[in-house]
Amino acid sequence: MPFSDLPPILGTALSERGYAAPTPVQAAVLEADAYGRDLIVSAQTGSGKTVAFGLAMASDLLSDDGRLPPAAAPLALVIAPTRELALQVSRELIWLYGKAGARIATCVGGMDAGKERRALGYGAQIVVGTPGRLRDHLERGALDLSALRAVVLDEADEMLDMGFREDLEEILDATPAERRTLLFSATMPAPIVSLARRYQRDALRISTVSEDRGHGDISYQAMAVAPADIENAVVNLLRFHEAETAMLFCATRDNVRHLHASLIERGFAAVALSGEHSQNERNSALQALRDKRARVCVATDVAARGIDLPSLSLVVHVEIPRDAETLQHRSGRTGRAGKKGTAVLIVPYPRRRRVEGMLRGARIPAEWVPAPSAADIRKADSERMLAALLAPVEYDEHDQALAERLLAERSPQEIAAALVHAHRARLPEPEDLLASDAPQEPRGPRPGFEGSAWFRINVGRNQNADPRWILPLICRRGHVSRSEIGAIRIAAHETLFEVPGPLAARFLDAVRRTANEEDEVEIQPVDGKPRDEARRHRRDNARPVHAPKPYRAHTGRPDHGKPSAPKGPGKPAGGKKGNWHKKPGKGPK
Ligand code: AMP
């Protein structure tokens with residue numbers, strides 16, 4: 001059914017929104033055989049599924065005049081896994097059904113329950129909420145489900161994963177048996193099938209996943225970096241893409257806080273979304289992204305689930321997702337409703353194999369590319385700047401008069417240079433990454449290494465040992481600089497490296513103090529005759545390498561790890577250092 005066959009009020013709302021034709025999932029729910037039936041729909045976020053269930057409910061809600069009459073009790077209930085998603089669904093239904101006279105009550109954890117009770121009491125025809133809060137209102141008698149005609153379970157797989165089964169069952173058991181049940185889920189694992197069996201009747205199965213977009217509108221890139229370079233790679237990615245809106249995913253609240261603070265300090269307009277933020281803070285962070293006061297959102301998985309920001313064109317997996325499903329959920333924040341997006345995985349060298357396996361398992365073709373260098377960024381900046389400065393501008397007499405005064409004082413070259421300078425000054429500085437293809441130092445004894453001590457690390461070629469991550473790890477663990485490390489010899493299962501003799505005791509002491517039980521990478525002194533050991537390694541076909549030079553600290557910022565309190569939207573960040581710097585040891589398997 002085209003949109004033109006819909007009740008006119010809905011058709012107008014869609015065309016005012018600029019939506020000319022239904023997406024595949026919308027077309028499927030508008031087919032004649034779906035009319036009035038229970039539906040079980042496989043649809044990804046970004047497929048237009050919210051409007052799809054909004055339209056599917058129309059026949060249950062609208063009276064003959066195409067309007068929504070006042071109702072003593074709710075007619076439709078939408079249950080979503082997170083507050084953000086519930087608020088988003090609510091916003092979509094407000095523009096879709098607003099002109100039809102809909103009152104929509106939104107009931108989500110963290111918001112004022114009293115206000116929600118009042119909204120329910122005023123006679124909302126549509127209620128949208130999260131399972132826990134809805135159950136709460138139900139148990140306190142504020143939510144009357146006796147007149148319900150349709151219930152929607154949005155992202156049902158997420159709700160079950162998040163442990164909401166009991167809440168859902170209690171809510172569904174309180175609804176009339178003849179209600180319609182529309183179940184939307186990105187995946188259809190066994191628990192969803194059994195939920196559907198218990199609560200649906202003769203449901204029509206709709207799957208548009210392959211037609212929708214799959215990964216079609218998202219191009220995946222992976223970039224292997226030294227663990228110490230993760231943050232710099234993030235900075236360069238943001239600077240290279242200059243996306244209108246970008247989302248960065250971290251594994252923990254601490255890391256969100258740290259990265260957010262660091263980006264603010266560097267001059268990015270960034271907000272943070274994690275479980276430590278109140279609902280009001282989250283709402284204002286999202287609002288800042290929507291109205292373009294902020295362009296970067298640093299988030300944890302849970303906080304970002306289901307978020308829809310149409311201008312979001314770049315997703316960065318700052319820390320690699322725990323599984324392929326999380327990878328797809330995070331990446332699905334971009335490439336929505338037919339728009340193109342890029343998802344980039346930043347992969348510490350030791351974890352490259354794991355990520356390759358995850359991508360293979362999820363059948364995601366990713367291109368392995370180097371992180372953008374400072375030179376790449378300056379080149380892209382120049383092109384963007386030229387395009388911006390050469391674009392036609394409308395100016396008035398006042399502008400013209402000022403221009404003439406400037407020309408009287410300065411040459412056109414000086415004015416143009418000042419303009420370019422002002423343009424550049426607004427941009428955060430790109431970072432120099434540890435050189436991935438730096439020339440290797442010529443072999444031979446290095447001054448200061450004559451009486452050196454040898455140490456062993458329990459990872460070798462078979463565990464992806466590479467000086468690009470081994471070196472920063474040694475520096476960090478042993479509190480030495482790169483120039484204080486001599487030869488590095490990588491064998492199949494272990495790596496030997498050289499430290500100047502006079503530093504050996506201090507190095508060993510630091511290594512022991514910084515050892516962490518969770519670290520899988522261990523550094524130990526080589527017992528016996530180190531030179532013999534080194535020789536044995538050479539004999540064992542070890543690949544000798546030397547530290548690439550020159551060395552620079554991993555951020556180049558002396559105050560790194562002690563970010564100042566950020567200004568701007570999002571919660572002020574503390575100064576704890578993100579632990580992605582510390583864990584290359586987790587990688588080698
Ligand atoms: P959803 O899958 O519900 O998260 O929707 C993803 C985005 O697509 C939202 O911003 C919707 O407003 C937008 N959208 C929904 N239907 C259409 C349509 N028919 N044409 C273009 N965009 C749409």
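Since the model is a prediction, treat every value here as computed from it, not as a measurement.

Caption draft 1: Quick peek at the overall build of the protein chain. Secondary structure summary: the protein chain contains 23 helices and 19 strands in total. Classification of the 589 residues of the protein chain by burial places 52% in the buried group. Counting contacts in the protein chain only where the partners sit at least 6 residues apart, residues at least 24 apart contribute 79% of the total. Roughly 26,500 Å² of accessible area belongs to the protein chain as shown, and the carbon and sulfur atoms make up 52% of that amount.

Caption draft 2: View of the site of the ligand. Of all residues adjacent to the ligand, which total 16 residues, the nearest are Tyr19, Gln26, Thr50, Asp308 and Arg336. At 3.0 Å from an oxygen atom of the ligand is found a side-chain nitrogen or oxygen belonging to Glu92. In the complex, 90% of the free accessible area of the ligand, which totals 500 Å², lies under the protein chains. Ranked by residue count, the leading element in the shell around the ligand is helix H3 (residues 49-56), at three residues. Tallied by class, residues from the shell around the ligand come to five nonpolar, seven polar and four charged. Mapped onto the domain boundaries, the shell around the ligand takes at least three residues apiece from domain 1 (3-207) and domain 2 (218-375).

Caption draft 3: Broad picture of the environment of Gly341. Structurally, Gly341 can be placed in strand S13 (residues 341-348). For Gly341, a relative accessible area of 5% puts it in the buried group. The contacts of Gly341, once residues within four sequence positions are left out, are Asp217, Ile218, Ser219, Ser313, Thr334 and Gly335.

Caption draft 4: Representation of the sheet that holds strand S10 (residues 270-273). The sheet built from seven strands is open, its strands ordered S10-S11-S9-S12-S13-S8-S14 with parallel pairing. Edge positions in the open sheet fall to S10 and strand S14 (366-368), since each of these has one partner strand only. Across the sheet, the axes of successive neighbouring strands diverge by a mean angle of 20 degrees, strand direction being ignored. Here four bridges tie S10 to strand S11 (residues 296-299), and the two strands are oriented parallel to one another. Considered in S11, the bridge of Val271 is made with Cys297.

Caption draft 5: Seen up close, the pairing of strand S2 (residues 76-79). Across the two faces of S2 the burial is the same, with Ala76 and Val78 and Leu77 and Ile79 all buried. As defined by bridge partners, S2 adjoins strand S4 (residues 126-129) across four bridges and the pair is classed as parallel. The residue of S4 that forms the bridge with Ala76 is Ile126. Examined bridge by bridge, S2 and strand S5 (residues 150-153) share four bridges and lie parallel to one another. In the strand pairing of S5, Val78 is matched with Val152.

Caption draft 6: Highlighting the pairing of strand S17 (residues 495-499). A large share of S17 lies buried, amounting to five of its five residues. Neither face of S17 is open: one carries Thr495, Phe497 and Val499, the other Leu496 and Glu498, and all of them are buried. Pairing between strand S16 (residues 487-490) and S17: three bridges, direction antiparallel. Bridge pairing links Arg489 to Leu496 in S17. Connecting the antiparallel pair S16 and S17 is a turn made up of four residues.

Caption draft 7: Molecular detail of the pattern of salt bridges. The full count for this structure, using the stated rule, is 32 salt bridges. When the shortest N-O distance is used, the salt bridge between Glu155 and Lys49 registers 3.6 Å. Taken together, the positions of Glu155 in the loop between S5 and helix H8 (156-161) and Lys49 in helix H3 put the pair 106 residues apart, joining distant regions of the chain. On the basis of relative accessibility, which here comes to 4%, the residue Glu155 falls in the buried class. If you follow the salt bridges from partner to partner, you end up with Arg239, Glu242, Arg295, Asp381 and Arg384 in one network.

Caption draft 8: Here's a closer look at the environment of Val235. Along the polypeptide, Val235 turns up in helix H12 (residues 230-241). Residue class for Val235 comes out buried when judged on its relative accessible area of 0%. Expressed as a C-alpha distance, the spacing of Val235 and Pro372, which sit 137 residues apart in the sequence, is 9.5 Å. Setting aside residues up to four positions removed in sequence, Val235 forms contacts with Leu263, Arg266, Phe268, Glu429 and Glu431.

Caption draft 9: Expanded view of the side chain of Ser185. By the secondary structure assignment, Ser185 is in strand S6 (residues 180-185). Looking at Ser185, the relative accessible area reads 0%, which means it is buried. Contact partners of Ser185, with chain neighbours within four places excluded, come to Val41, Ser42, Ala43, Ala156, Asp157 and Ile192.

Caption draft 10: A look at the packing of aromatic side chains. According to the stated counting rule, one finds five aromatic pairs in the structure shown. Aromatic pair Phe53 and Phe184: ring centres 5.3 Å apart, planes at 70 degrees, arrangement edge-to-face. Of this pair, Phe53 sits in helix H3 while Phe184 sits in strand S6, placing them 131 residues apart in sequence. Here the aromatic rings of Phe455 and Phe497 are separated by 5.8 Å at their centres, their planes lie at 20 degrees, and the arrangement is stacked. Remark: Phe497 occurs in strand S17 and Phe455 occurs in strand S15 (residues 453-457); sequence separation between them is 42 residues. By the burial criterion, Phe455 is buried, and Phe497 matches it. Joined through ring pairs, the aromatic side chains of Phe455, Phe497 and Phe507 make up one cluster. The ring of Trp368 is capped by Arg352, whose NZ or CZ atom sits 3.9 Å from the centre of that ring.

Caption draft 11: Quick look at helix H6 (residues 113-121). Those residues of H6 that sit buried are Gly114, Glu116 and Leu120. When H6 is viewed along its axis, its buried side chains cluster within an angular range of 160 degrees and face the same direction. Looking at the buried residues of H6, the elements they touch are strand S3 (104-107), S4 and helix H7 (131-139). Its side-chain oxygen 2.9 Å from the backbone nitrogen of Gly114, Asp112 forms the N-cap of H6. At the exit of H6 stands Gly123, carrying a positive phi of roughly 90 degrees.

Caption draft 12: Summary view of the sheet that holds S5. Within the open sheet, the seven strands sit side by side as S3-S4-S2-S5-S6-S1-S7. Their pairing is parallel. Here the strands that pair on one side only, and so sit at the sheet edges, are S3 and strand S7 (204-207). Going across the sheet, the axis of each strand differs from the next one's by a mean of 15 degrees, ignoring polarity. Sheet analysis places strand S1 (residues 39-42) next to S7, joined by four bridges and oriented parallel. Within S7, the position partnered with Val41 by the bridge is Ile206. The sheet contacts of H6 involve S3 and S4, and relative to S3 the element is tilted by about 150 degrees.

What counts and how
Residues numbered from 1 in each chain as written. Predicted model: local features only at pLDDT ≥ 70, side-chain atom pairs only at ≥ 80, totals over all residues. Heavy atoms only, no water. Helix = DSSP H or I, 4+ residues; strand = E, 2+ residues; numbered from the N terminus. Buried < 20%, exposed > 50% of the residue type's maximum accessible area, 1.4 Å probe, protein only. Contact = heavy atoms within 4.5 Å. Areas by Shrake-Rupley, 256 points an atom, 1.4 Å probe, with all protein chains shown as cover. Near = heavy atom within 4 Å. Polar contact = N/O pair within 3.5 Å; in protein donor to acceptor, adjacent residues only side chain to side chain. Nonpolar A, V, L, I, M, F, W, Y, C, P; charged D, E, K, R; others polar. Domains from an automatic or database assignment. Pairing = 2+ DSSP bridges. Axes fitted to C-alpha atoms, helices over the stretch in contact; angles between N-to-C directions. Salt bridge = Lys/Arg side-chain N within 4 Å of Asp/Glu carboxyl O. Phe/Tyr/Trp six-rings, centres within 6.5 Å; stacked < 30°, edge-to-face > 60°. Lys NZ or Arg CZ within 6 Å of the ring centre and 35° of its normal. Arc of directions from axis to C-beta.

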